[in-house]
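Here's the letter readout for the chains.
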Amino acid sequence: MESKAIGKVMSLPNIRDSPAELGRGRLYSMSLSQIKKYSESSVEFQHKLSPFNLRWIHGYNPKVGVINLNNNGSTSMFYAASNCGVIYNWTVNQMRILQGHRHMISCISSDRQGKWLVTADSGPENVIIIWDSVDYFPQRTIFSPHGKTKISKVVMSADAKYLLSLGYSEKTTLNWWDWSSGLDDPDATLDIDIPRDGVIDMAFNSNDSEQFLLLTKHNIWIGVPRKVFVMERGVLKETDKYELKIKKIETKTGLDTGKLTCFTFVEDTSQILVATTRGTVLVYGYKIEYIEHAGKEDYENLKFIKMLKVEKRTINVIKSIDGVITTGNSVGEIHFYDNQMKLMYWVHRFTVDSVKGLSFNVSPRSYQVFDPKCNTPCPCWEKVVAEIDSNTGLLKQKLIKKKLPSDATVSGKTFLVRDFIVCTNNQGVGFVDFATEKLVTVLNSKRSYALALSVHPEKPYVCIGYDNGIVEMYNFVQHKLFVRLDLRDLYKIVIPPKDDSIKCNYEVTVPPISVSCLKYSHSGMHLACGLNTGQLLFLHPTTIDVITEIPYTDTGHAIKQITYSCDSLTLALFDAGRTVCVYKYDCQDLSWKFIGKHRAHYKDITSILFLSEKNANGEYKLISLGIDRIMVEYDIGESADGYLEILSLDRLDQTAVPLAGIQWPSPEGLDPDVHRLDLPLILVANDEVTEMCFREDCGILFTIGDKDGCMSQWAINYRSVDTTTKQGGGDLDPYYCLIENGRPGWLFQEIRDLFYYIQILCQGTFSPAMRRVKDFIPIDSLPDLMRALGFFLSEYETENLIAEAKYKVYQINPSTEIDFEEFVKLYINHRPAFGYRYKKIRDAFAHFAYLDNEQLAINRNGLIELLADYGERFPRELTWYLISILCGESFEDRAKMAENDFSFMPEELTLDYLATYVIGVDDLENIPEGSSGLGSFDTQSAQTSTTGD
C-alpha cells in the first residue's frame, strides 16, 4: 500500500498480512447512521478480535443443490453460498453460516438424519469439512484430500460412517474414508478410466453403506471397499487396510434410451433405478423378479434388468422415499410411482419451469389419517408415525379441511408422502406442503452472476445488478427482496405476425444485456445504472423504476465504474474502452447533462474518484488511475462541448499497478509553521496488498464475489480495531511481524547492522577519529542501504523514496537525516511485496532476446547498448564497472582491463548465464515454473518476501 499526494508521498505500514481478508470480490460500504445501533445490537460478537463478522448471505449456489433438514416440524435447509455453508430456517428468518473454506464450495452432502453435514471446495489447498448440524461446529477437516488435485464430488453414507471423494488427475481418482478414525490419508483409493468431468452423480447405497455407485452419461459403476488379505507363512490373514473394488455394469439400450441423468437405490430392495434424457427408467438388480426386503448382495452380480418408458421429457431427479419413487423432469412435472414404476400420483396444483432437485423431510409425517365415516385410523396409510405431545401425553392432531390427495388406482386410496423442497431452474427453491400442494418460495433464483452492488446512504436498501440484466433491491435489515427489475423488457423487440401467417406467433428478440455498474449518490437522490452496452440509465432510488426516457449513449463500451462528487451534482464514469465521461445535474430541468469525455490512459483504467477539494474554477477535483500506472487529474470547469480537459498526468509507480484509491484525511494537530495543510492525499491500493477491503464507520459492509451470484453482509466490530491496535504495541512492535522471523531473526539484525555500518561509511572508512554512533543517517545514503538489503531501486523509485523521507508528506522544509524507526518503516513499505520473481525476469528477457537453438539469448554488445541507451540509462563506463563486479572480477583484474573492455563476458548471453553468473541464482534448474523468488536471494541478500506467482 502507498499513499500519494500530488508531488508528495508518505509512509504507511504494509498491511498485506491483515487478518481481515474478505476475498477478491468487489465490495461496497454504506453510511447509514440510523442502522448502526440496530446492527451492533443484532450481531453476536463471538470473535472479539475479528473486525468483520459475516452476518447474512443473500443468494445460494444452484449448482451445488439444497438439502432438506426439516425434522419434527422444523423448517430448515442446508445449502452453499459462495465459500460458506448455510443452514437457513425460513419461517423464523434465521441463518447459521458455516465458515471454513477459502474457495467457493463446490459440493455438499449429509447423512440420512441430517445430523452430519459435509462441505468441500475445489480451489488450491482445498478441504473437506464435516459439520455437526446441532452445534454448527466443524468436527473434522481433511486438508488437500486429493493432494494437488481439486475435489470434484463428495458424498456421505446414509449412516454417516463413510465418505467418498472424487478428483480428476490423469485418471479419475476415488478416495474412500472412514472419516471418524481421524486419519489424514484415505482408507482406500482407486484410479478409474473415466474421462475428466465424466462422473455426473455418485452416492452410497442407503441399504448397504459399504456399496456405492458412480454414474456417467452412458454407464454406471458399482463399487465396494474390501479388506486386504495377505499371505503369511502359507496362511491367508486379514489386515486393517482396505481396497476399493469397482465394476462397470453392461447396459442394453436402444436409440430411444437417451443419456443417463440420475439414479436412486430403491429402499428395502436390491434394485437401482437410472433415469435418462428421453424419459426412460433403466432397472438394475440381482434377480429378474421384484423382491421386497432384500438383503445384501454381491456387487459383482448386479445386472441390467429392463427399460421402462415412463415420461416424455428429460428426468432430472429420481428419488426413493417411503416406498414411493419420485421423479422431476425438465418441464416442471413431479410424478410418484410405486416400486414397480406404476404411476400413483402427480402434482396438480402448481407448476415450475424445470425441476433440478428434490429433497424430502428427514422424518416421516407425524399425523394419522382418520376415516370421517367411522372416525377410526384409515388403513390406507399404515406407515405414518404418530407424534405424542410430551406435555399432555395425547396424540397431536392436525385438521385439514380440504380433501386429501388420492392415488390413481381404481379404489382412489389416500396418497400422502413427506413434504419436500424443490429446486428449479429459474424460480429458485420452494417448500411444498404435500397435503395441500402449496408451494412457498424460500430462496430466489441466482442463476446469473452478480456484477454490481450499491447501498442507499439513508434507507436500508441495497441494490444488486446481474449479468442477465436484472436489478434487485433488498431490505438488508429484514433480509427480504423488495423489488426486482428486468431491464431486458425495455430493450426487447416484439414483431407481430404477418397478416397471412397461419400460426399467428409473435417474434420476440431480447438482446444480451448485463448490469455492469450501479451507484447511489451521496445524497441518496440518484441511482445510476451502467450497462455492458455503454448505455447509462437512472433509476428511482427507492423503487428502482427507470426514470430515464432515453438512455445516455456517450460511450459504446461496458461501463465499469461510476462515482459522484461530494455534492452529488457531478457524475463521472469510465468504461472498458479507457474513456472517462463526466455529467452535470441540472437542478432546473431535473436532468443530467453530458459535459465531455477523454481517453487519457493507454491501458485499462482501474479506478476513478472525486476529491473533496475544489479547483480554482469551483469544480471538484477528479482523478483516474490506470494499469499504465498513471494518475490523471481532469479539469471539469474548463471542459465543454463534449471535450474533457486534462489538468495533469503523474506516474504513480514503476512496477505495481494501482487498483483503487480513496481520499486520505490529513492528520489533526499539524503545526502550520512546520507542515503544509493544503495537500490533498490519496490512499492507493495496488496489485501487490491483494485482499484489502474498504470500510466506513457505518457498521455494515457488503461484498459480492467473482463469478458468484451471492451477496454477503458483514457487521464491523469497531472494538476489535482498537483492541488489535493496542495489542500491536508502539514504536516498531507492529512492524516486526512483517520481517522474516520477527525481531530476533537474521533479517532484522542485518538491517540494524547495516544501518550503523552506513554511519561508518559516512564518517570515513579509514578515518582515525573516534566513531560516533547515532540514531540518524543521511537521507542521501538511503538508496545504498536499501540495495544492500536486497531492494534494488530504480532511479524513479529512488526519487520517490528520497522525497518521502525528506518531506514526510507534510513538512515545508526538507529533513536531511532519518532515524532507525523511520528507515525500517520505509523499507517495509517500499520493498517489493512479493520479491523478485524469476518468471518476471524471464518474461522481461524475452522482450529483447532472440531465439537461438530453442533458447533465449542476446549478444554482448546488444545488452550493453540496452543498458546505455534505453530506460534509465547510464554511461558505458558505469556499465563496465558494475557488470565486472557482478561477474566476480577481482580488483586486480579490473585494474588491468580497459574501462570499455567487456571481454570477460561471453559474446552470446543466455538467460541461464545472466541469472546464474550475473544476477546470482545458484541453482536455476531447481526453480519451479511458478516460483516467486530467486532462490539464492535469501542467502545473498535480505530480500525475503516470496509468495506464489
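Residues numbered from 1 in each chain as written. Predicted model: local features only at pLDDT ≥ 70, side-chain atom pairs only at ≥ 80, totals over all residues. Heavy atoms only, no water.

Quick look at empty space enclosed by the protein
Under the counting rule described, the total for this entry stands at one cavity of 30 Å³ or more. Empty space within the largest cavity amounts to approximately 30 Å³. Classifying every residue of the lining of the largest cavity by side-chain character gives four nonpolar, two polar and two charged. (1 Å grid on protein atoms, 1.4 Å probe; cavity = no way out; pocket = protein on both sides within 12 Å on 5 of 7 lines; lining within 4 Å. Points joined across faces, edges and corners; volume = space filled by probe spheres on them. Nonpolar A, V, L, I, M, F, W, Y, C, P; charged D, E, K, R; others polar.)

Here we look at the packing of helix α7 (residues 795-807) against helix α8 (residues 820-830)
Taken N-terminus to C-terminus, the directions of α7 and α8 make an angle of 145°; their axes are 12 Å apart at the nearest point. As for how α7 packs across α8, the hand of that crossing is right-handed. In this structure, α7 contributes L801, E804 and A805 to the contact, and α8 contributes L826, N829 and H830. Here the residues of the contact of α7 with α8 sort into three nonpolar, two polar and one charged. (Axes fitted to C-alpha atoms, helices over the stretch in contact; angles between N-to-C directions. Helix = DSSP H or I, 4+ residues; strand = E, 2+ residues; numbered from the N terminus. Left-handed = near helix turned anticlockwise from the far one by under 90°. Contact = heavy atoms within 4.5 Å.)

Digging into the nonpolar core
Counting residues in each nonpolar core, the largest one holds 29 residues, and the members touching the most others are I751, L782, M786, I818, F823, V824 and Y827. For this core, the elements supplying multiple residues, two or more each, are α4 (733-736), α5 (746-763), α6 (782-788), α7 and α8. If we ignore the near neighbours within four places in the chain, the residues touching M786 are F791, L793, L801, F823, L826 and Y827. Judged by nonpolar contacts, the second largest core, of 26 residues, contains L54, Y60, M77 and V86. (Core = buried A, V, L, I, M, F, W, Y, C linked by side-chain atoms within 4.5 Å. Buried < 20%, exposed > 50% of the residue type's maximum accessible area, 1.4 Å probe, protein only.)

Regarding the pairing of strand β51 (residues 642-651)
The pairing of strand β47 (residues 591-598) with β51 spans two bridges and is parallel. Within β51, the position partnered with G596 by the bridge is G642. In this structure, strand β50 (residues 630-640) lies alongside β51, joined through seven bridges in antiparallel fashion. Bridging from a neighbouring strand, D635 pairs with E645 of β51. Turn length for the β50-β51 hairpin, with the two strands adjacent in sequence and antiparallel, is one residue, and the turn residue D641 shows positive phi of about 55°. (Pairing = 2+ DSSP bridges.)

Looking at the side chain of T173
Within the fold, T173 resides in strand β15 (residues 172-177). Since its relative accessible area comes to 12%, T173 is described here as buried. With near-sequence residues (within four places) excluded, T173 lies in contact with H146, S165, L166, G167, T189, L190 and D191.

Considering the packing of aromatic side chains
For any pair of aromatic rings, the description rests on two quantities: the centre-to-centre distance and the angle between the ring planes. Within this structure, the stated rule accounts for 32 aromatic pairs. When the centroid spacing of 5.2 Å and the interplanar angle of 0° are considered together, the rings of F538 and W592 count as stacked. Here F538, found in strand β43 (residues 536-539), pairs with W592, found in strand β47; they are 54 residues apart in sequence, far enough to count as distant. Taking relative accessible area as the criterion, W592 reaches 5% and is therefore assigned buried. What links up through ring pairs into an aromatic cluster is the set F538, Y552, Y564, Y583, Y585, W592 and F594. (Phe/Tyr/Trp six-rings, centres within 6.5 Å; stacked < 30°, edge-to-face > 60°.)

Overview of a nonpolar patch on the surface
Together, V494, Y506, V508 and V510 make up a nonpolar patch on the protein surface, roughly 380 Å² of accessible area in all. With respect to the helices and strands, V494 occurs in strand β39 (residues 493-495). Exposure remark for V494: the relative accessible area of 43% places this residue in the partly exposed category. (Patch = residues over 30% accessible without salt bridge, like charges linked within 9 Å, V, L, I, M, F, W, Y side chains within 5 Å. Areas by Shrake-Rupley, 256 points an atom, 1.4 Å probe, with all protein chains shown as cover. Salt bridge = Lys/Arg side-chain N within 4 Å of Asp/Glu carboxyl O.)

Here's the deal with unusual backbone geometry
Despite not being glycine, D197 has its phi angle at roughly 60°, a positive value. Tracing the backbone shows D197 in the loop between β16 (188-192) and β17 (201-204). Although it is not a glycine, S568 sits at a positive phi angle of roughly 65°. The topology assignment puts S568 in the loop between β44 (559-564) and β45 (570-575).

A closer look at the pattern of salt bridges
For the structure shown, the criterion picks out 14 salt bridges. Among the salt bridges present, the one from R418 reaches D322, with a minimum N-O distance of 2.8 Å. Taken together, the residues R418 in the loop between β31 (376-377) and β32 (420-424) and D322 in the loop between β25 (315-321) and β26 (324-329) connect sequence positions 96 residues apart. Exposure remark for R418: the relative accessible area of 11% places this residue in the buried category. Residues E822 and K808 are paired through a salt bridge, measuring 3.9 Å at the closest nitrogen-oxygen approach. Taken together, the positions of E822 in helix α8 and K808 in the loop between α7 and β57 (817-819) put the pair 14 residues apart, joining distant regions of the chain. For E822, a relative accessible area of 27% gives the class partly exposed. Exposure remark for K808: the relative accessible area of 26% places this residue in the partly exposed category.

Here's the deal with the sheet that holds strand β20 (residues 235-249)
In spatial order, the strands read β17-β18-β19-β20; together these four strands make up an open sheet with antiparallel pairing. Two strands in the sheet have a free side with no partner beyond their single neighbour: β17 and β20. Neighbour-to-neighbour, the strand axes of this sheet turn through a mean angle of 25°, independent of strand direction. In this structure, strand β19 (residues 220-232) lies alongside β20, joined through 12 bridges in antiparallel fashion. Among the inter-strand pairings, F229 is bridged to a residue of β20, identified as E238.

As for the sheet that holds strand β11 (residues 127-132)
A sheet is described by the order of its strands in space; here four strands give the open sequence β9-β10-β11-β12, paired in antiparallel fashion. At either margin of the open sheet sits one strand with a lone partner, and together these are β9 (105-110) and β12 (137-143). Neighbouring strand axes in the sheet, compared pairwise and without regard to direction, differ in orientation by 20° on average. With five bridges connecting them, β9 and strand β10 (residues 116-121) associate as antiparallel partners. Across the sheet, residue S109 finds its bridge partner in β10, namely V118.

Note that every value here comes from positions in space, so none of it alone points to a role or purpose.
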